[in-house]
Amino acid sequence: MGEVTETRTESLVFAVNGQKFELYNVDPSTTLLEFLRSQTPFKSVKLSCGEGGCGACVVLLSKYDPVIDQVEDFTVNSCLTLLCSVNGCSITTAEGVGNSKDGFHPIQKRFAGFHASQCGFCTPGMCVSLFSALVNADKTNRPEPRRGFSKLTVSEAEKSIAGNLCRCTGYRPIADACKSFAADVDMEDLGLNSFWKNGESDEVKLSRLPSYNHNNASSNFPEFLKKELKAGANLASKGYHWYSPVSLEQLQSLLQGVEENDETSMKIVVGNTGTGYYKELVGYERYIDLKYVPELSTIRKDQSGVEIGAAVTISKAIKALKEENDYDPHRGKMVFEKIADHMEKIASAFIRNSGSVGGNLIMAQRKQFPSDMATILLSVGTLVNIMTGQKHEELSLEDFLGMPPLHPKSVLLSIKIPCWVSRKKDVSSESDTKLLFETYRAAPRPLGNALSYLNAAFLAEVSAFSDSTRIVLNNCWLAFGAYGTKHAIRARKVEEFLAGKMLGASVLYEAIKILETIIVPEDGTSSPAYRSSLAVGFLFEFLSPLVDTPPEISNGCLNGYNTTEGLMDSKLKQNYDQFGETKPPTLLLSAKQVIHSSKEYHPVGEPIQKTGATIQASGEAVYVDDIPSPSNCLHGAFIYSTEPLARVKGIKFKYGSLPNGVTGIISVKDIPGKNVGSVTGLGEEPLYADEVAQCAGDRIAFVVADTQKYADLAANLAVVDYDKENLKPPILSVEEAVERCSFLEVPPFLYPEQVGNFSEGMAEADHEILSAKLKLGSQYYFYMETQTALAVPDEDNCIVVYSSTQSPEYTHDTIAKCLGLPGHNVRLITRRVGGGFGGKALKSIPVATACAVAAYKLQRPVRMYLNRKTDMIMAGGRHPMKITYSVGFKSNGKITALKLDILIDAGIYPDVSAIMPEHMVGTLRKYDWGALSFDIKLCKTNLPSRSAMRAPGEIQASFITEAIIEHVASTLSLDVDSVRTINLHTYNSLGLFYKNHAGEPLEYTLPSIWDKLATSSSFYHRTEMIKQFNRTHKWRKRGISRVPTVHEVGMRPTPGKVSILKDGTIVVEVGGVELGQGLWTKVKQMTAYGLSLVQCGGTEELVEKVRVIQADTLSLIQGGMTAGSTTSEASCEAVKLCCNVLVERLTALKERLLEQMKSIDWETLILQAHMTSVNLSASSLYIPAISSISYLNYGAAISEVEINLLTGETTTLRTDIIYDCGQSLNPAVDLGQIEGAYVQGIGFFMLEEYPTNSDGLVTANGTWSYKVPTVDTIPKQFNVEILNSGHHQNRVLSSKASGEPPLTLAVSVHCATMAAIKEARKQVISWSGQKESDSALQLEVPATMPVVKERCGLDSIQKFLQWTIVNTIGTK
Ligand SMILES: Cc1cc2nc3c(=O)[nH]c(=O)nc-3n(C[C@H](O)[C@H](O)[C@H](O)COP(=O)(O)OP(=O)(O)OC[C@H]3O[C@@H](n4cnc5c(N)ncnc54)[C@H](O)[C@@H]3O)c2cc1C
Ligand code: FES
Ligand code: FES
């Protein structure tokens, strides 16, 4: 070992929110997040994915540079950043940005005021991302912004949160909160907020916004830290070391001392973001941080190019490449600029800020990482500089990528990007040459953190041919990567083929044919044909503007240009325009919200700000995992089965002994009571597999360890010994379930009734479609907070359990049963839930129960916070299903009969699957089918049990109904919208289908919504415009679709309790749980309204006096489950009943007091009531009357999309929604529900794939493979109107539900995509001259990019070229 390793160990010094931390003995594998969450009071840094993919853990990192006396501020994700690497840095968390004690920051206040926080789990990370953007923008020397604004631009504001996921809001309000700081924002564009009312002037609006002074924007780097600065530290703890060499010599000597052939002996690190992809389960003995070696951290520029040190972060490289353009606009401008632009699409800002250029390339070289960097740099002839021992070597990136994996002790020192310039008078063509460079990537999300299916970068030198009308391709460099290849490659055969050619359709066609033989993804790569077709698409996009086509084919763009230079430029420009992206400079174009608030029940009906939104934004809101661990606390992790049906013979651990920190393993034999993991009225499931594991993902045991990290590591090291002898094969499909008669029961009272007579309906039909088939997959909840619980043993055999659950009561009952305890020994507490969406209705119960069993057995507190992978494997998600339908219809599109056979894959345990038929049929009835007949079976399979997910059954049914309508329309060659319209219910048919749930005639608002939406969104005009667009655009097509929703919901009994304290403040408990849906806010408003009926002075401010408190199952019983969209209104009604009682008690006193005094205010009344022993607490159980138990919700949506035929990318250009909320209890909350649900629906229909392996084990296990919508995938224009449909006698203060029904409207995006695809197919069919019928065309769910492209025709370019070749010959 060299000299440096013997260096004296130093301390690690840094600051968090201005507080100094000095640490010795740090385990170098500790992440910043682990430290912050376990060693500091700052819990705003949330763990959600643990792999750099969500932004929940983002912090601002500030570094001081004493040489220039400047502080550099940037975001990093704390879940991958190693603690030792923050030496000398200052960290700001959301609490440091602002908090309840020192004052909230305007960011936090605006997030609250723009209704941009629902469950709040993503909000601190969002706020920090925006804070960093503000701090950095305001440091620039851009012109002074208007007073109250920052120097940030709208585009930067939107992009600042592009890497942060939110599962609740649908992003629009978050984007508004961010944009409210932007200097160039038009105040008109900012959406609904609690600061101003519509119509107020910009000045008034600005005066009402929480004020912001850009001169104060700073991260406040602590002075004391400036004195602590040193160039990195060498740290040691229990045999583990962290080294920060400051010279190449030190680095060499450190590397020399490393043992050969020992994988765990040493790790070189820069940003450590690579572990987000290659999860590392082991720690290393030595970590060597490269950041302080000058040669690796500098950027050098000269005439020949730009040399970038390998440890330079991607963000800094981008900046340097852009600056390069600034100082000499001609030299390599276009190439550097485009490289920088492409790099901005890598990962997210907070990854680019810590991830290094070298780290990326090393991952690509050693471990086949599907890198963007490698591809783009390959195309421009980049050189790399490597150090092995004392030896330095320069080689081309191409050779570097192609050589065997770099030796662990070799270091990439730098890369050199040569300078590319257009040359004058090329020898071969005797004319000027022009340099063309483009980069491409096709990824599920344009910006938000998604690896590409394929990326490419092309450089070409072209010149004008001597006849001045055509262009010659002199040379080209074509790089492709990430498509399922070992590393990025150059398509040399294509390059050689094209060199010196004058491009025509035939040449291009030949080139593509060669390319097809080169871009062949390795076995096992998903969507291989799609990826190959992307390569063709990108090459075509690059070269076709150079193709010499006759005027009639290229729209005559050759005419009128005389000079070669002019010809080339205009030709290129015009021809590239045909692919020209319609992407606006900002991600979102506009949004409009129309609400009608009502004063009738003030403050009910007001769009007031969500309760607790500011403490959510500052990260002070306490979620289960934020509760400090009681002393002696242990942590658990599930060991689950990876086999679908297998006897469990035993569990061992890899490497023999019990892993580090493990205290024990709990399994079925440790259960003192009954082996139940969840119990509901619909059935129960075991907590742990009893001998036989029933599905992949089934719980086998629970490993308990000192920390969550150790528990997770141990669970990962568990090796289960399975035995399948004498067991039947597992049932892994609905077909097998049918074959083996494996079904779950649906109680008769839950099975819906048929409507009319199917045979008679079919007899009336002019046409029929028989036994058509549809298929639907699952969807994962992706709540930002995964399942979590903390169980604490209490005196006298009692236990207190904190659980993030939608069902405290059921969790309580299950724990009591499992522990064999009387109910009153268990107390279940739920304060807030970081997103549920149905996933925490039942699936949370075994988590809490497992903690309770372990805590009870070990008599120590036990907690668990599921890692994302385990959560995804166990969650089950939505019900997949297969559908067969037969439908009869008239020639005008009127449907007369529909019959459905639906096989639902319910998984292994009953869960709540029995509700599925009723829920599905509730939505299937939304059209007048004449007669509706169905057979719905719940198939019991050896797969994880499926659970309710937001709009369970309804979203599937909305897809089925629209797919049938589309099938009918295309069979008849009718316009789909007219078929929808003709099949909408009349009030009479509505009554026939929904019986007495149909409500009064006036309550049936769908027909008026249908028409109103067409008018407000200019539907018919836009439909014509789209036709025009499709006629004139070859490679982009648009579609539009209008869909209705009729959504039945049911009310359930719900308790409430209202207590008035001596000082007049009010405490409320309700059965419902706050999941982010705004339940507490509505309850607060209702309490204030209910108590204001006492009619004394001071009740106007009552809403400020109300606090809704956590659910506590011993304090308020019969809470049931928070689900089905109606818990808020039921909780409100329960509270109102309490208020009625209290008002009655207080009114008598008030009357008496009024006789003595002229007026009486609230405080005095309550004090008097207290003194005269009036009972100031009332509780109630709201039981819905038969007349109000069930009702229908209505709405409609129109979506317009554009698809890119070359990539399959779908962009939602615009969505308009009108939704009937009755008289909304809080329009701001309901708007949030509508938009958020809709975007979750877009996820289901367009993005979210939840695949399994052949054993049913979920394989999409994190943010890398599961893609929920991000801010760049929501509608560019998003207009929502909440209809106030007036008085509804049987509703809670005339209100209606909003949580789930709007989700089903997202099918409009899918339908619009289908419409666009049909246009694309028509074109391809015309090129191939075939006559194909598209009437049975289906579009899978989700309609991901590969799916859309496949439907458009993977070989559409080849067909086009063939057609062109034939036509060109024909015209010559
Ligand atoms: C969420 C997420 C999304 C991403 N998306 C994309 C994307 O879309 N496109 C894309 O191209 N990339 C993407 N990346 C990859 C990202 O660019 C890399 O993780 C990052 O650049 C690695 O740099 P690092 O400094 O963090 O490397 P580290 O994690 O510190 O190191 C990575 C590996 O390289 C080794 N190493 C690092 N530097 C050197 C060196 N100079 N010499 C020798 N060995 C070295 C390390 O030992 C380690 O094995 C994504 C990453 C994340 C986490
Ligand atoms: S938890 Fe760190 S990025 Fe998701
Ligand atoms: S508010 Fe964003 S995840 Fe819930």
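No experiment lies behind these values; they were computed from the predicted model shown.

The rules behind each value
Residues numbered from 1 in each chain as written. Chains lettered and ligands numbered in written order. Predicted model: local features only at pLDDT ≥ 70, side-chain atom pairs only at ≥ 80, totals over all residues. Heavy atoms only, no water. Helix = DSSP H or I, 4+ residues; strand = E, 2+ residues; numbered from the N terminus. Rg over C-alpha atoms; globule rule 2.2 N^0.38 Å. Contact = heavy atoms within 4.5 Å. Areas by Shrake-Rupley, 256 points an atom, 1.4 Å probe, with all protein chains shown as cover. Lys, Arg positive; Asp, Glu negative; His and termini not counted. Charge placed at Lys NZ, Arg CZ, Asp CG, Glu CD. Expected span 1.5 Å × (residues − 1). Buried < 20%, exposed > 50% of the residue type's maximum accessible area, 1.4 Å probe, protein only. Near = heavy atom within 4 Å. Polar contact = N/O pair within 3.5 Å; in protein donor to acceptor, adjacent residues only side chain to side chain. Nonpolar A, V, L, I, M, F, W, Y, C, P; charged D, E, K, R; others polar. Axes fitted to C-alpha atoms, helices over the stretch in contact; angles between N-to-C directions. Parallel < 35°, antiparallel > 145°, perpendicular 65-115°, else oblique. Left-handed = near helix turned anticlockwise from the far one by under 90°. 1 Å grid on protein atoms, 1.4 Å probe; cavity = no way out; pocket = protein on both sides within 12 Å on 5 of 7 lines; lining within 4 Å. Points joined across faces, edges and corners; volume = space filled by probe spheres on them. Salt bridge = Lys/Arg side-chain N within 4 Å of Asp/Glu carboxyl O. UniProt positions renumbered as here; feature names shortened; annotations may be inferred. Pairing = 2+ DSSP bridges. Phe/Tyr/Trp six-rings, centres within 6.5 Å; stacked < 30°, edge-to-face > 60°. Lys NZ or Arg CZ within 6 Å of the ring centre and 35° of its normal. Patch = residues over 30% accessible without salt bridge, like charges linked within 9 Å, V, L, I, M, F, W, Y side chains within 5 Å. Core = buried A, V, L, I, M, F, W, Y, C linked by side-chain atoms within 4.5 Å. pLDDT = per-residue confidence, 0-100.

What to know about the overall build of the protein chain
Of regular secondary structure, the protein chain possesses 42 helices and 46 strands. For 1372 residues, the compact-globule estimate of 2.2 N^0.38 gives 34 Å, and the protein chain sits close to it at 32 Å. Projected onto the principal axes, the alpha-carbon positions of the protein chain cover approximately 105 × 85 × 80 Å. Put simply, 78% of the contacts in the protein chain that link residues at least 6 apart link residues at least 24 apart. Entry remark: accessible area of the protein chain is about 49100 Å², with carbon and sulfur atoms responsible for 51%. For the protein chain, the separation between the mean place of its 135 positive charges and that of its 151 negative charges on side chains is 1 Å.

Some words on helix α40 (residues 1307-1328)
Its 22 residues give α40 an end-to-end C-alpha distance of 31 Å, which sits within 8% of 32 Å, the value for a rise of 1.5 Å per residue. Burial runs high along α40: 17 of the 22 residues are buried.

A look at the site of ligand 1
As a matter of local geometry, ligand 1 sits amid 34 residues, with I268, T273, G274, S356 and D372 nearest to it. Between ligand 1 and G274 there is a distance of 2.8 Å, counted from an oxygen atom to a backbone nitrogen or oxygen. Look at ligand 1: alone it shows 980 Å² of surface, and the protein chains cover 96% of it. Mapped by element, the contributors of at least two residues to the shell around ligand 1 are β8 (266-269), α14 (357-367), α15 (372-379) and β14 (411-418). Top contributing element to the shell around ligand 1 by residue count: α14, with four residues. The residue inventory of the shell around ligand 1, partitioned by class, reads 18 nonpolar, 13 polar and three charged.

Some thoughts on the packing of helix α29 (residues 954-972) against helix α38 (residues 1227-1247)
Relative to each other, α29 and α38 sit at 55°, their axes nearing to 12 Å. By the angle class used here, α29 and α38 are oblique. Where α29 crosses over α38, the handedness of that crossing is right-handed. Between α29 and α38, the contacting residues are I955, S958 and F959 on the first element and G1241, F1244 and F1245 on the second. Per-class residue counts for the contact of α29 with α38 are four nonpolar, two polar and no charged.

Topic: empty space enclosed by the protein
Under the criterion given, the structure shown has 10 cavities of 30 Å³ or more. Volume-wise, the largest cavity comes out at about 200 Å³. Around the largest cavity, the lining is made up of 22 residues, and of these E685, G697, R699, K843 and M874 lie nearest the centre. Mapped onto the lining of the largest cavity, the elements with two or more residues apiece are α26 (845-858) and α27 (868-874). Considering only residue class, the lining of the largest cavity consists of 12 nonpolar, four polar and six charged. Taken as a whole, the second largest cavity encloses approximately 100 Å³ of empty space. In terms of lining, the second largest cavity is formed by H115, S117, Q118, K610, G1076, Q1077, G1078, A1228, V1229, G1232 and Q1233. Split by residue class, the lining of the second largest cavity holds two nonpolar, eight polar and one charged.

Observations concerning the pattern of salt bridges
This model, assessed by the stated rule, comprises 65 salt bridges. Note that E643 is salt-bridged to K724, the shortest N-O span being 2.7 Å. You can see E643 sitting in the loop between β21 (634-640) and β22 (646-653) and its partner K724 sitting in the loop between β28 (718-723) and α23 (734-739), a full 81 residues away along the chain. The exposure class of E643 is buried, given its relative accessible area of 16%.

Focus on the UniProt feature "binding site: [2Fe-2S] cluster 2" (unreviewed entry) in the protein chain
When the UniProt feature table is mapped to this numbering, "binding site: [2Fe-2S] cluster 2" (unreviewed entry) covers C119, C122, C166 and C168. For this annotated set, covering 50 residues, all C-alpha atoms fall within 9.3 Å of each other, a compact arrangement in space. Among the structural elements, C119 can be located in the loop between α3 (106-113) and α4 (123-139). For C119, the contacting residues outside a window of four places in its chain are C168, Q616, Y623, V833, G834, G835, L1075 and G1076. Along the chain, the position of C122 falls in the loop between α3 and α4.

So, the side chain of S618
Mapped onto the fold, S618 is located in the loop between α21 (613-617) and β21. Residue classification places S618 among the buried residues on the basis of a relative accessible area of 0%. In contact with S618, not counting residues within four places along its chain, are S44, A94, E95, G98, N99, F104 and Q108.

Topic: the pairing of strand β4 (residues 70-77)
Examined bridge by bridge, strand β3 (residues 58-65) and β4 share eight bridges and lie antiparallel to one another. Across the sheet, the residue bridging to Y64 is V71, located in β4. The loop that links β3 with its antiparallel partner β4 comprises four residues; one of these, D69, has a positive phi angle of about 50°.

With respect to the packing of aromatic side chains
Scanning all chains against the criterion turns up 45 aromatic pairs. Pairwise contacts between aromatic rings join Y780, Y781, F782, Y783, Y1250 and Y1266 into one cluster. Directly above the ring of F497 sits K501, whose terminal nitrogen or CZ lies 4.1 Å from the centroid. The aromatic ring of Y783 is capped on one face by K840, whose charged end is 4.5 Å from the ring centroid.

A look at the sheet that holds β28
With antiparallel pairing, the three strands of this open sheet are ordered in space as β26-β22-β28. The open sheet has two free edges, formed respectively by β26 (692-693) and β28, since each of these has just one partner strand. Here β22 pairs with β26 via two bridges, running antiparallel. If you follow R647 over to β26, its bridge partner there is V692.

A few points about a negative patch on the surface
On the surface, D186, D189, D202 and E203 cluster together into a patch of negative charge. Among the structural elements, D189 can be located in the loop between α6 (172-179) and α7 (202-208). A relative accessible area of 34% means that D189 is categorised as partly exposed.

As for the nonpolar core
F111, F480, F702, L900 and I960 are the most contacted members of the largest nonpolar core, which totals 327 residues. Top element by residues in this core is α38. It accounts for 11 residues. Beyond its immediate stretch of four places on either side in the chain, I960 contacts L774, M881, I883, L900, I902, M920 and L924. If you look at the next biggest cluster of nonpolar residues, it comprises 47 residues, including M1051, C1138, L1165 and Y1191.

A closer look at the sheet that holds strand β43 (residues 1177-1182)
The strand order across the open sheet formed by four strands is β41-β40-β39-β43, and the pairing between neighbours is mixed. Looking at which strands have only one partner, the edges of the open sheet turn out to be β41 (1106-1108) and β43. For this sheet, the mean inter-axis angle between neighbouring strands, taken without regard to orientation, is 20°. Pairing of strand β39 (residues 1054-1060) with strand β40 (residues 1066-1070) involves five bridges; the strand directions are antiparallel. Note on β40: the bridge partner recorded for I1060 is I1066. Helix-sheet contacts for helix α36 (residues 1127-1156) involve β39, β40 and β43, and the interaxial angle to β43 is about 140°.

A word on α3
Every α-helix carries 3.6 residues per turn, so stepping three or four residues along brings you back to the same face. Counting buried residues in α3 gives seven out of eight residues, a clear majority hidden from the surface. By the burial criterion, the buried members of α3 are P106, I107, Q108, R110, F111, A112 and G113. Where α3 is buried, its residues contact α2 (94-97), α4, α6 and α21. In the segment just after α3, H115 is the residue with positive phi, at about 60°.

Comments concerning the confidence of the model for the protein chain
Confidence along the protein chain averages 92 in pLDDT terms, with 94% of residues attaining 70 or more. Note on residues 1-7: pLDDT is under 50 here. Beyond four places in sequence and across chains, it has 14 contacts. In the model, residues 549-567 has pLDDT below 50 throughout and makes 31 contacts with residues more than four positions away in sequence or in other chains.

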